[in-house]
Amino acid sequence: MDFKSRIRTVPDFPKPGISFKDITTLLKDREAFHAAIEALASHFEPMGVDMVTGPEARGYIFASAMAYRLNAGFVPIRKPGKLPYKTRGISYQLEYGEDRLEVHEDAFEPGQKVLVVDDLLATGGTIRATIDLVESLGARVVGVAFLIELTELGGRKRLQDHEVFSLIQF
């Protein structure tokens, strides 16, 4: 399936010079959405994934569907202050500032095989922080999956100690 043709590019959003990759056009196409989840999940199926995780918000769409497909649990990675129980957090640098991610401190068990999923790999900062957060709880990240990878931004370099698989490259 030609997944790339199902992604809408919106010029100058959210600011001039940015070509936003709109995944909603793929999501609403039931055949394309199903095929994308199947392609992503089947790549990691041999690894025996225990848990799938992804950062809010768009990461949830793909991570939860892949968890279902892989017969694994799903753990949401949240922005600060959104989780009701004790949390572990990590701060990370953005292009212009800092952000923070949190997860329940009992979300992962030591040694669990975890797949990290998001919709898009750009510079890799959010996913690097997600990996570090998961591993700080003793789990083992066995791979990282993306619907889209913006190759010229070099995010894959920040994740080179993990298997990275992206379905679409721009």
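These numbers were taken from a predicted model, which means no experiment stands behind them.

## As for the nonpolar core
Core analysis: the biggest nonpolar cluster contains 27 residues, and V52, M66, L115, V117 and L147 have the highest contact counts within it. Per-element tally for this core: the top contributor is helix α2 (residues 30-44), with six residues. Among residues more than four places away in sequence, those in contact with V117 are V52, T53, G54, P55, G59, F62, A63, M66 and A145. Counting residues in hydrophobic clusters, the runner-up holds 24 residues, among them V75, V116, V141 and V144.

## Regarding the side chain of H104
Looking at the secondary structure, you find H104 in strand β6 (residues 97-104). For H104, the side chain forms a polar contact with the main-chain nitrogen of Y85, separated by 3.2 Å. With near-sequence residues (within four places) excluded, H104 lies in contact with L83, P84, Y85, K86, T87 and L137.

## Notes on the pairing of strand β8 (residues 140-149)
In terms of burial, β8 is a largely internal element, nine of the 10 residues being buried. Relative to β8, strand β7 (residues 113-121) runs parallel, the two sharing eight bridges. By the bridge assignment, L115 is partnered in β8 with G143. In terms of handedness, the path from β7 via helix α4 (residues 125-136) over to β8 forms a crossover that is right-handed. Here β8 pairs with strand β9 (residues 164-169) via five bridges, running parallel. In the sheet register, E149 faces β9, and the bridge partner there is Q169.

## Focus: the packing of aromatic side chains
Taken as a whole and judged by the stated rule, the model has four aromatic pairs. Relative to F62, the ring of F33 has its centre 6.1 Å away and its plane inclined at 75°; by these criteria the two rings are edge-to-face. Residue F33 is found in helix α2, and its partner F62 is found in helix α3 (residues 58-69); the two are separated by 29 residues along the sequence. Given the relative accessible area of 23%, F33 is considered partly exposed. Here F62 falls in the buried class, since its relative accessible area comes to 0%. Summarising the aromatic geometry, the rings of F44 and F165 are spaced 6.3 Å apart at their centres and angled 80° between planes, so their arrangement reads as edge-to-face.

## A closer look at the UniProt feature "domain: Phosphoribosyltransferase" (unreviewed entry) in the protein
Per the UniProt annotation, the sites labelled "domain: Phosphoribosyltransferase" (unreviewed entry) are residues 27-167. A helix fraction of 28% and a strand fraction of 35% characterise residues 27-167, whose end C-alpha atoms lie 14 Å from each other.

## A word on the environment of M1
Among the secondary structure elements, M1 is positioned in the segment before β1 (8-11). In the structure, M1 is positioned 10 residues away from P11 in sequence and 25 Å away in space, judged by C-alpha atoms. With residues up to four places along the chain from it excluded, the contact list for M1 reads R6, E31, A32 and A35.

About the cut-offs
- Residues numbered from 1 in each chain as written.
- Predicted model: local features only at pLDDT ≥ 70, side-chain atom pairs only at ≥ 80, totals over all residues.
- Heavy atoms only, no water.
- Core = buried A, V, L, I, M, F, W, Y, C linked by side-chain atoms within 4.5 Å.
- Buried < 20%, exposed > 50% of the residue type's maximum accessible area, 1.4 Å probe, protein only.
- Helix = DSSP H or I, 4+ residues; strand = E, 2+ residues; numbered from the N terminus.
- Contact = heavy atoms within 4.5 Å.
- Polar contact = N/O pair within 3.5 Å; in protein donor to acceptor, adjacent residues only side chain to side chain.
- Pairing = 2+ DSSP bridges.
- Right-handed = clockwise from strand over helix to strand, strands pointing away.
- Phe/Tyr/Trp six-rings, centres within 6.5 Å; stacked < 30°, edge-to-face > 60°.
- UniProt positions renumbered as here; feature names shortened; annotations may be inferred.

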